[in-house]
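Here are the chains, one letter per residue:
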Amino acid sequence: MSGINIGILAVQGDVAENILATKMAIEELGMEGIVTEVKTPEQISDLDGLIIPGGESTVIGTLSLVNGSLKKIKEKIASGMPVFGICAGMIMLSKKAKDRVVGEMDQPLLDFLDVKIERNAFGRQKDSFESEISMDKIGIPKFPGVFIRAPSIIETGKDVEVLSKFNEKIIAVKQGNILGTAFHPELTGDISLHKYFVSMIGKN
Amino acid sequence: MIPLSGDLGDTKGVVKEKIGSFSTIRGTSTLKRGFAHMLKNGVVMDVTTVEQAQIAEDAGAVAVMVLDKLPSDVRKAGGVARTASIRIIQEIMDSVTIPVMAKCRIGHVYEAMVLQETNVDMIDESEVLTPADENRHIWKWDFTSPFVNGARNLGEALRRIEEGAAMIRTKGEPGTGNVAEAVIHIKNVNTELRRIKSIYDAGDEQDLISVARELKVSYSVVEETASLGRLPVVNFAAGGISTPADAAYLMTLGCDGVFVGSGIFKADDAKERAQAIVLATTFWEDPDKVKEAQKMIDERQSMLGLDTKNLELRMQERGSTA
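Notes on the structure in this doc start here.

Rules and cut-offs
- Residues numbered from 1 in each chain as written.
- Chains lettered and ligands numbered in written order.
- Predicted model: local features only at pLDDT ≥ 70, side-chain atom pairs only at ≥ 80, totals over all residues.
- Heavy atoms only, no water.
- Helix = DSSP H or I, 4+ residues; strand = E, 2+ residues; numbered from the N terminus.
- Areas by Shrake-Rupley, 256 points an atom, 1.4 Å probe, with all protein chains shown as cover.
- Lys, Arg positive; Asp, Glu negative; His and termini not counted.
- Charge placed at Lys NZ, Arg CZ, Asp CG, Glu CD.
- Rg over C-alpha atoms; globule rule 2.2 N^0.38 Å.
- Buried < 20%, exposed > 50% of the residue type's maximum accessible area, 1.4 Å probe, protein only.
- Contact = heavy atoms within 4.5 Å.
- Buried area = accessible area lost by both parts, 1.4 Å probe.
- Salt bridge = Lys/Arg side-chain N within 4 Å of Asp/Glu carboxyl O.
- Polar contact = N/O pair within 3.5 Å; in protein donor to acceptor, adjacent residues only side chain to side chain.
- Nonpolar A, V, L, I, M, F, W, Y, C, P; charged D, E, K, R; others polar.
- Pairing = 2+ DSSP bridges.
- Phe/Tyr/Trp six-rings, centres within 6.5 Å; stacked < 30°, edge-to-face > 60°.
- Axes fitted to C-alpha atoms, helices over the stretch in contact; angles between N-to-C directions.
- Parallel < 35°, antiparallel > 145°, perpendicular 65-115°, else oblique.
- Left-handed = near helix turned anticlockwise from the far one by under 90°.

### Quick notes on the overall build of chain A
Next, step 1: When helices and strands are counted, chain A shows 6 helices and 13 strands.
Next, step 2: Dimensions of chain A along its principal axes, counting C-alpha atoms only, are 45 × 40 × 30 Å.
Next, step 3: In the structure as shown, chain A presents an accessible area of about 7,300 Å², 47% of it carried by carbon and sulfur atoms.
Next, step 4: Charged side chains in chain A number 23 positive and 27 negative. The centres of these two groups are separated by 5 Å.

### Looking at the overall build of chain B
Next, step 1: In terms of regular secondary structure, chain B is built from 13 helices and 10 strands.
Next, step 2: Relative to its length of 322 residues, chain B is compact, with a C-alpha radius of gyration of 19 Å against a globular reference of 20 Å.
Next, step 3: Structurally, chain B occupies a C-alpha span of about 55 × 50 × 40 Å along its principal axes.
Next, step 4: When each of the 322 residues of chain B is scored for burial, the buried share is 62%.
Next, step 5: By sequence separation, contacts in chain B at least 24 residues apart represent 67% of the contacts at least 6 residues apart.
Next, step 6: Summed over all atoms, the accessible surface of chain B reaches about 12,200 Å², with 49% contributed by carbon and sulfur.
Next, step 7: Here chain B carries 38 positive and 47 negative side-chain charges, and the mean point of each set is 2 Å from the other.

### Examining helix H3 (residues 57–66) of chain A
Next, step 1: Most of H3 of chain A is tucked away: 7 of the 10 residues are buried.
Next, step 2: Those residues of H3 of chain A that sit buried are Ser 57, Thr 58, Val 59, Ile 60, Gly 61, Leu 63 and Ser 64 of chain A.
Next, step 3: Its buried side turned inward, H3 of chain A meets strand E1 (4–9), strand E3 (49–52), helix H4 (69–78), helix H5 (88–93) and strand E7 (113–119) of chain A together with helix H12 (270–282) of chain B.

### Examining the interface of chain A and chain B
Next, step 1: Chain A puts 44 residues into the contact, and the matching count from chain B is 47 residues.
Next, step 2: Taken together, both faces of the contact between chain A and chain B bury some 3,600 Å²; the carbon and sulfur share is 58%.
Next, step 3: Looking only at chain A, the three residues that lose the most surface to chain B are Arg 124, Lys 126 and Glu 130 of chain A, adding up to 21% of its buried area.
Next, step 4: The interface formed by chain A and chain B contains 4 salt bridges.
Next, step 5: We note a salt bridge from Lys 39 of chain A to Glu 285 of chain B, for which the minimum N-O separation is 3.3 Å.
Next, step 6: Joining chain A to chain B, the criterion identifies 27 residue pairs in polar contact (both at pLDDT 80 or more).
Next, step 7: Of all elements in the fold, only helix H1 (15–28), H3, strand E8 (129–135), strand E9 (140–147) and strand E11 (161–166) of chain A reach the threshold of two or more residues within the side of chain A that touches chain B.
Next, step 8: Tallying contributions element by element places E8 of chain A first for the side of chain A that touches chain B, with 5 residues.
Next, step 9: A per-class count over the side of chain A that touches chain B returns 16 nonpolar, 14 polar and 14 charged.
Next, step 10: By the bridge criterion, 2 bridges tie E8 of chain A to strand E2 (residues 22–26) of chain B in an arrangement that is antiparallel.

### What to know about the packing of aromatic side chains
Next, step 1: The full count for this structure, using the stated rule, is 12 aromatic pairs over all chains.
Next, step 2: Note on Phe 236 of chain B and Phe 259 of chain B: the rings are 5.5 Å apart at their centroids and 65° apart in plane angle, and the pair reads as edge-to-face. Placement of Phe 236 of chain B in strand E9 (residues 234–236) and of Phe 259 of chain B in strand E10 (residues 258–260) is noted, with a sequence separation of 23 residues between them. The pair Phe 236 of chain B / Phe 259 of chain B is uniform in exposure class, with both members buried.
Next, step 3: Here a set of aromatic residues connected by ring pairs shows up, and it is made of Phe 122, Phe 129, Phe 143, Phe 147, Phe 166 and Phe 183 of chain A together with Phe 22 of chain B.

### A word on the environment of Tyr 196 of chain A
All names here are of chain A.
Next, step 1: Structurally, Tyr 196 can be placed in helix H6 (residues 192–203).
Next, step 2: Taking the C-alpha atoms as reference points, Tyr 196 and Leu 179, 17 residues apart in sequence, are found 9.8 Å from one another.
Next, step 3: Beyond its immediate stretch of four places on either side in the chain, Tyr 196 contacts Ile 138, Lys 174 and Leu 179.

### Structural notes on unusual backbone geometry
Next, step 1: Of note, the phi angle at Arg 149 of chain A is positive, near 40°, even though the residue is not glycine.
Next, step 2: Among the secondary structure elements, Arg 149 of chain A is positioned in the loop between E9 and strand E10 (152–156).
Next, step 3: Residue Asn 41 of chain B is not a glycine yet carries a positive backbone phi of 65°.
Next, step 4: With respect to the secondary-structure elements, Asn 41 of chain B resides in the loop between helix H1 (29–37) and strand E3 (43–47).

### Focus: the side chain of Gln 12 of chain A
Next, step 1: Its place among the elements puts Gln 12 of chain A in the loop between E1 and H1.
Next, step 2: In this structure the side chain of Gln 12 of chain A is engaged in a polar contact, spanning 2.9 Å, whose partner is the backbone nitrogen of Glu 56 of chain A.
Next, step 3: Separated by 3.4 Å, the side chain of Gln 12 of chain A and the backbone oxygen of Leu 39 of chain B make a polar contact.
Next, step 4: Beyond its immediate stretch of four places on either side in the chain, Gln 12 of chain A contacts Pro 53, Gly 54, Gly 55, Glu 56, Val 59 and Ile 60 of chain A together with Met 38, Leu 39, Lys 40, Asn 41, Gly 42 and Val 62 of chain B.

### Things to note about the packing of H1 of chain A against H6 of chain A
All names here are of chain A.
Next, step 1: Where H1 meets H6, the closest approach of the two axes is 8 Å, and the angle between their N-to-C directions is 65°. Comparing the axis directions of H1 and H6 gives the class roughly perpendicular. H6 is crossed by H1, and the crossing has right-handed handedness. Side by side, H1 and H6 meet where Asn 18, Ala 21, Thr 22, Ala 25, Ile 26 and Glu 28 of the first sit next to His 194, Lys 195 and Val 198 of the second.
Next, step 2: For the contact of H1 with H6, the residue count by class is 4 nonpolar, 3 polar and 2 charged.

Structure (structure tokens):
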């Protein structure tokens, strides 16, 4: 295929690391494509795939609402564009989020991923951790999980496939064209998950 | 992947433990620096009360920094400025979902310990407070919690990174409402980075060694930084930011985000100003959006501010030679 167009939502958070990991993934898969920062509805409308990176979900949500990006992302996901939400990005994709300490949240969400999320589920920054996890269902038996003030999924709808668990906590899911992880693959040197996402776009 | 230059690996702050059937590790440079990466393109706001913290969160702050007094009041009050009341820090941690940071005095290992036990998300070893040990900063590798430190130039920044800082911010001149010093500091860092990058690109190892001696930092950290052409950790602007245009200007100079101290809650339009500064930081590349943000504030409501030339107390000089 010629030239897929992948965007990294560049409102707030660790955008650059995702650009790098996605570019490497495209190259390793021997595909053609570009990876760019996207902020505006116009930039988003041209995409074949989108990554919503880690950051603060309240900030990313509020600011994407302000400039109309949130609405455009919703349209694109509804039309089948693959999207990968990482940590805050996964919270953004979900239908419902609550905070471990503060409780129910009223923050702008994309309302697609049929899960209920607990924010900061593992505790505060001092409790952030690294651990080797596995995603056997998508052919990644070992992966370096980097969990930073990470969320977890506490309820899943029937169309949600659980890809990985940390003890009892759900940490990676897939629902059709939506991929979500509680951990940060872009902070590691392992690009297998980004390669998996790029392949999802390739097949689309 | 993020740069791990200067990482000492298995230090005292690194904790290995088994959770259920998983082996885990906490306090690594990936986790500490990674946390700072999540703040990029965001605004960290100084707050002194729960109400201010909630205003900051609602405005789109990426984190709050808890102080006993805002920097301009620290300046006015004189005396010794110490870490904030733990009770207030805890109340704020229980009322907002964004990360909560707090300041400790330069070199005050035990104030930092107390903040780590309180479970704040990041500790700012800050020149706004009265230094406890100006000759020796905290050895931050002993901590599981990440630290941010101020710097006026590349040497200070790299020495703090060598001590384990996971994030750097310019010092600026806190509590003045005057952005001039922050501008100088970020430009200093940029100029010096360009210089060592060009030495690195020329392959002049001997010159790079003399730079390491001049900056009083290890050769390996200088070499890795030179190869990157930027600091190996996230770098924010701080000190004197008062308006959306101030924030946007510092973003154009290559900062990863901004800290706003007295600028918001010493202004009479704090709520609007907090939102406006967030908008300007996010959309700094679009002058029209920054203009819209600037329109949200009223210059007559800005803090009066101080000329940084004739100050009795220059906070930025605290701990700068170490």
